[in-house]
Amino acid sequence: MPKAEYLNYVGGEWVGAEKGETTTVINPANGAKLADVPKGGKADAEAAIDAAREAFDKGKWPRMTPGDRAAALLKLAALIESDMDRLAILESKNQGKTIKQARDGDLPFSVDNLRFMAGAARTLAGSASMEYAYGATSILRREPIGVVGSITPWNYPFMMDIWKIAPALAAGNTVVLKPASLTPVTTIELAKIIEKAGLPPGTVNVITGPGSVLGEALASSEKVDMVSLTGDTSTGKEIMRAGANNVKKLHLELGGKAPFIVFDDANLEAAAQGAVAASMVNGGQDCTQAARFLVQEKVYPKFVRRMVELLKTIRIGDPLERTTDLGPLVSDKQREKVEKYASIAKGEGAKLEIGGARPKGKAFEKGWYYLPTLFSDATFDMRISCEEVFGPIVTAMSFRTEEQAIEIANNVIYGLYSSVWTKNIHRAFRVANAMHFGAAEINEHLPLVSEMPHGGYKQSGFGKDLSIYSLEEYTNVKHVFVDMTDADRKPWHYTTFGDPM
Ligand code: NDP
């Protein structure tokens, strides 16, 4: 293996970009260089696709028993688990997320996701095997799809890698994994661990470079059978267009704008604490972020007041400190986006309750920091209420009736996550059922578990992550129909030629 720390991993070899170009990766907390990684082009994507194709068509991985694949994935999980401290520091330095989020959240959850999928690999089964036609038996097989192109975002770099590769590998596919250009470091580290775990060459290939080139090459290649993306809705649409080339199977986890509905009988303190945790999580760069607070009018002023009090306690600073609650945004571009939406919200007439600016002080000069920001008195049709921002900036608005809350909550193009806060069990279930979202939580907002599916409705995309539903996404269902009679002429043949028997 060459000496350079960050190279691409293709067909079990460590390689630079064909043209020798590199991209400099920046630490968003201080603007300093973190690493140089290969800036791959079309030829690099093609080499990785060829390696994955070869590994799928002729390699060992798809032909291993589920038990052996599970053992390899469990070994990978154990290696990751023993390396979590180092990986968490790298993730924090590259993404800007707090060390407590990376070390105590993303990494252990990734290990758990991987272990779940290792176990689930051994459970794949057809739902039935039976004589549905006279003289024949039907059998269902769940088979791997082939070569999967996995394109991951910058908000949870390592965890999204695992969400994508774990079910794909458990099902017996081979993978070309392309991380976001802003945050490729822990993905390349993952490739090193995959090599150490002994997965056959070509089973997982990692390439870095611009999505407009590599992502597009994956999405349009006839040698790639499926593409899975977590990213912007507009990128999902691009991939749908490019993937039409070979009628590719797609799995798209796209944007979100989650409503958080608080009724006047809710435990208001629990709702306010939950609101701050679920809106500032990962610096608000989270597609499930609680972004729209719909609060019943009687408790609206009190809820907003309490949320402001709690937002004031958020400790913003160096993400590597365990006492830091909020680090920088991932990039200057992302902070500019947040600033643009703050100014749009002001222009639209929303009331700034807290934040709305960069923090002051020497410690924040070089990083891409932004204060926790809450706008109140928003209306459902303001851009700040409907469009995904992806930052520590959220809105609150009041409502009168349950029907009105449901209507406002559903009135967005997105449909990923939602929550309802009330002590009335009948209302809780009514509202949760009425949400046009892939998840509706009651008196909680955010927690995910490996056993339950995560994925969107509407323009938040389709295809589930996590759970057995995700594993099934990465398989094809085949019906094997077996004649048991050995008869020359079958009863149905007359419908094509001749007369009934
Ligand atoms: P993108 O959707 O552009 O990035 C996600 C991934 O897609 C990256 O790996 C990116 O590569 C890749 N990509 C970009 N263009 C293409 C393409 N044409 N074909 C295939 N792959 C492509 O998100 P942005 O980084 O531009 O962020 C913009 C906004 O998207 C955010 O502000 C946020 O609102 C939303 N977003 C949502 C996420 C979610 O979890 N649902 C995650 C990330 C962003 P590269 O990095 O090289 O461009």
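Residues numbered from 1 in each chain as written. Predicted model: local features only at pLDDT ≥ 70, side-chain atom pairs only at ≥ 80, totals over all residues. Heavy atoms only, no water.

Asker: Whenever I open this one, the nonpolar core confuses me. Can you help?
Answerer: Nonpolar side chains tend to gather and get buried jointly when the protein is soluble and globular. In this structure, I80, L114, I162, I165, L169, L190 and L199 are the most contacted members of the largest nonpolar core, which totals 53 residues. When contributions to this core are tallied by element, the ones reaching two or more residues are β4 (33-38), α2 (66-82), α3 (84-95), α4 (99-120), α5 (157-170), β8 (174-178), α6 (185-197) and β9 (204-206). The element best represented in this core is α4, accounting for eight residues. Apart from the residues lying within four places of it in its own chain, the contact partners of L114 are L73, L76, A77, I80, I162 and A166. If you look at the next biggest cluster of nonpolar residues, it comprises 33 residues, including M280, I314, I354 and A396. (Core = buried A, V, L, I, M, F, W, Y, C linked by side-chain atoms within 4.5 Å. Buried < 20%, exposed > 50% of the residue type's maximum accessible area, 1.4 Å probe, protein only. Helix = DSSP H or I, 4+ residues; strand = E, 2+ residues; numbered from the N terminus. Contact = heavy atoms within 4.5 Å.)

Asker: Got a minute to help me understand helix α8 (residues 233-243) in this structure?
Answerer: Given 3.6 residues per helical turn, the α-helix brings residues three or four places apart onto the same face. What α8 keeps buried is the set T233, G236, I239, A242 and G243. For α8, the elements touching its buried residues are β7 (147-151), α7 (211-220), β10 (226-230), β11 (249-253) and β17 (414-415).

Asker: Is there a simple way to explain the packing of α3 against α6 in this structure?
Answerer: The relative placement of two packed helices is expressed as an angle between their axes plus a distance between the axes. The N-to-C vectors of α3 and α6 enclose an angle of 155°; their axes lie 9 Å apart at closest approach. Between α3 and α6, the interaxial angle falls into the category roughly antiparallel. Across the interface between the two elements, R86, L87, L90, E91 and N94 from α3 touch V185, T186, E189 and I193 from α6. Class assignment of the residues belonging to the contact of α3 with α6 gives a composition of four nonpolar, two polar and three charged. (Axes fitted to C-alpha atoms, helices over the stretch in contact; angles between N-to-C directions. Parallel < 35°, antiparallel > 145°, perpendicular 65-115°, else oblique. Nonpolar A, V, L, I, M, F, W, Y, C, P; charged D, E, K, R; others polar.)

Asker: Before we go on, may I ask you to explain a nonpolar patch on the surface in this structure?
Answerer: On the surface, a nonpolar cluster with roughly 230 Å² of combined accessible area is contributed by I139, V482 and M484. Position of I139 relative to the elements: it lies in strand β6 (residues 136-144). (Patch = residues over 30% accessible without salt bridge, like charges linked within 9 Å, V, L, I, M, F, W, Y side chains within 5 Å. Areas by Shrake-Rupley, 256 points an atom, 1.4 Å probe, with all protein chains shown as cover. Salt bridge = Lys/Arg side-chain N within 4 Å of Asp/Glu carboxyl O.)

Asker: What exactly am I supposed to notice about the environment of G391 here?
Answerer: With respect to the helices and strands, G391 occurs in the loop between α12 (383-386) and β16 (393-399). Between the C-alpha atoms of G391 and N282, which are 109 residues apart in sequence, the distance is 8.5 Å. Apart from the residues within four sequence positions on either side, G391 is in contact with G283, G284, Q285, Q289, L329 and V338.

Asker: What should I look at first to understand the site of the ligand in this one?
Answerer: By nearness alone, 29 residues border the ligand, and W154, S181, T235, K337 and E388 come closest of all. Between the ligand and the protein, one listed contact pairs an oxygen atom with a side-chain N or O atom of W154 at 2.6 Å. Measuring from an oxygen atom of the ligand, one finds a backbone N or O atom of D232 at 2.8 Å. Relative to its unbound accessible area of 850 Å², the ligand is 86% covered by the protein chains. Elements that contribute at least two residues to the shell around the ligand include exactly α7, β10, α8 and α11 (332-348). Take the shell around the ligand: its biggest share by element is four residues, from α7. Of the residues assigned to the shell around the ligand, the class counts are twelve nonpolar, eleven polar and six charged. (Near = heavy atom within 4 Å. Polar contact = N/O pair within 3.5 Å; in protein donor to acceptor, adjacent residues only side chain to side chain.)

Asker: Would you mind going over the pattern of salt bridges with me for this structure?
Answerer: Between side chains of opposite charge, a pair can form as their charged atoms come close. Evaluation of the coordinates by the stated rule reveals 29 salt bridges. Residue R427 is joined to D265 by a salt bridge in which the shortest nitrogen-to-oxygen separation is 3.8 Å. Linking R427 in helix α14 (residues 425-434) with D265 in the loop between β12 (258-262) and α9 (268-280), this pair joins segments that are 162 residues apart in sequence. Each member of the salt-bridge network shares a partner with another, and the members are D83, R86, E189 and K192.

Asker: Just checking my understanding: could you explain the packing of helix α13 (residues 402-410) against α14 for this structure?
Answerer: Put simply, α13 and α14 touch, their axes get as near as 10 Å, and they point 30° apart. Between α13 and α14, the crossing angle belongs to the class labelled roughly parallel. As α13 runs across α14, the sense of the crossing is right-handed. Across the interface between the two elements, E402, I406 and N410 of α13 pack against R427, R430, V431 and A434 of α14. When its residues are assigned to classes, the contact of α13 with α14 shows three nonpolar, one polar and three charged. (Left-handed = near helix turned anticlockwise from the far one by under 90°.)

Asker: I'm lost on helix α10 (residues 300-312) in this one. Help?
Answerer: Under the 1.5 Å per step criterion, the end-to-end length of α10 is 18 Å for 13 residues, consistent within 8% with the ideal 18 Å. Of all the residues in α10, the buried ones are Y300, F303, V304, M307, V308, L310 and L311. The buried side chains of α10 occupy one side of the element, clustering within an arc of 165° when seen end-on. Of the residues in α10, the exposed ones pointing more than 90 degrees away from the buried face are K302, R305 and K312. Contacts made by the buried residues of α10 are with β12, α9, β13 (290-296), β14 (351-354), β15 (373-376) and β16. (Expected span 1.5 Å × (residues − 1). Arc of directions from axis to C-beta.)

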